[in-house]
Amino acid sequence: MVAPVPRIGARSRILGVRRRRGLIDLDPRTLMGVLAATSAVAFVGKSFEIELALVLAVAALQVLCGYMRMALGFAAFYAALWVALNVLFPSIGGVAATMFTISFTFCRKIYLCLMVGTLLVSDNSVHRITTALGKLRVPQEVLIPLTVTMRYFPTLAEEASHIRDAMVLRDIPVESRLECFVVPLVMSATSTAEELSRAATCRGIENPAPSTDTERLSLGLTDYAVLASAALSALVVIAWGGAA
């Protein structure tokens, strides 16, 4: 009897090949390099024109990777951020406006990092990110806690969703919802962290020997082009960024 041939999706998972979402499919290391470039220019003095060009460039990268809604959302939020800093807060004045101005200015400084970081997390699974860090020769002392942490937050968000559903079913009063949400979440956070640590240990994450992996990561021409563009943009901004 002839064994059934696996479907394309199942075969892709077995071979470690994933389906392309957008026009380009970037290696996680490429996005990490872009994130390093944006971090290098985050607090460098930049004119509005250069900052806007960088935001649009990262938004275009998100579109090419297949995240149109993400790009539109970040572009709209950047426009709202600029209006608040340059129109709304100067017209209001006062101590409160000054405090909000400081917070919004810091958000504007790290906005490019937020855009690239969101793209990195959305476009890659924890497994792909871990594999990419392993190929970058990240020490196990750093990789293991980072891997457990990256798997911790989605689990914690799922637990928070279950707590909210339980409160809705039991019709908890509004004045008691904060306590009924925080206390179970804090109690669950400790047990969740311990369970993830035990699961990682059972899977041999502490084994110093190199393990086999089905994930196939390789840098292509598109990855090198994006890395070169990010490095060149960072050098231009650092050398000639304009007034802040």
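Preceding block: the structure.
Residues numbered from 1 in each chain as written. Predicted model: local features only at pLDDT ≥ 70, side-chain atom pairs only at ≥ 80, totals over all residues. Heavy atoms only, no water.

A word on the environment of alanine 132
Within the secondary structure, alanine 132 is located in helix H7 (residues 126-135). What makes alanine 132 buried here is its relative accessible area of 0%. Residues alanine 132 and proline 28, spaced 104 residues apart in sequence, show a C-alpha to C-alpha distance of 6.2 Å. (Helix = DSSP H or I, 4+ residues; strand = E, 2+ residues; numbered from the N terminus. Buried < 20%, exposed > 50% of the residue type's maximum accessible area, 1.4 Å probe, protein only.)

Details of the layout of surface pockets
There is about 350 Å³ of room inside the second largest pocket. Contributing to the lining of the second largest pocket are 18 residues, with Val34, Ala57, Val58, Ala230 and Ser233 lying nearest its centre. Where the lining of the second largest pocket is concerned, the elements lending two or more residues are helix H2 (28-40), helix H3 (48-64) and helix H10 (221-239). Examining the composition of the lining of the second largest pocket, we find that seven residues originate from one element, H10, more than from any other. (1 Å grid on protein atoms, 1.4 Å probe; cavity = no way out; pocket = protein on both sides within 12 Å on 5 of 7 lines; lining within 4 Å. Points joined across faces, edges and corners; volume = space filled by probe spheres on them.)

Quick look at the pattern of salt bridges
Scanning all chains against the criterion turns up two salt bridges. A salt bridge links aspartate 27 to arginine 29; its shortest N-O distance comes to 2.9 Å. As far as the burial class goes, aspartate 27 and arginine 29 line up, both buried. Glutamate 51 is paired through a salt bridge with arginine 108; the nearest N and O atoms lie 2.5 Å apart. Here arginine 108 lies in helix H5 (residues 94-109) and glutamate 51 lies in helix H3, a separation of 57 residues in the sequence. When sorted by exposure, glutamate 51 lands in the same class as arginine 108, which is buried. (Salt bridge = Lys/Arg side-chain N within 4 Å of Asp/Glu carboxyl O.)

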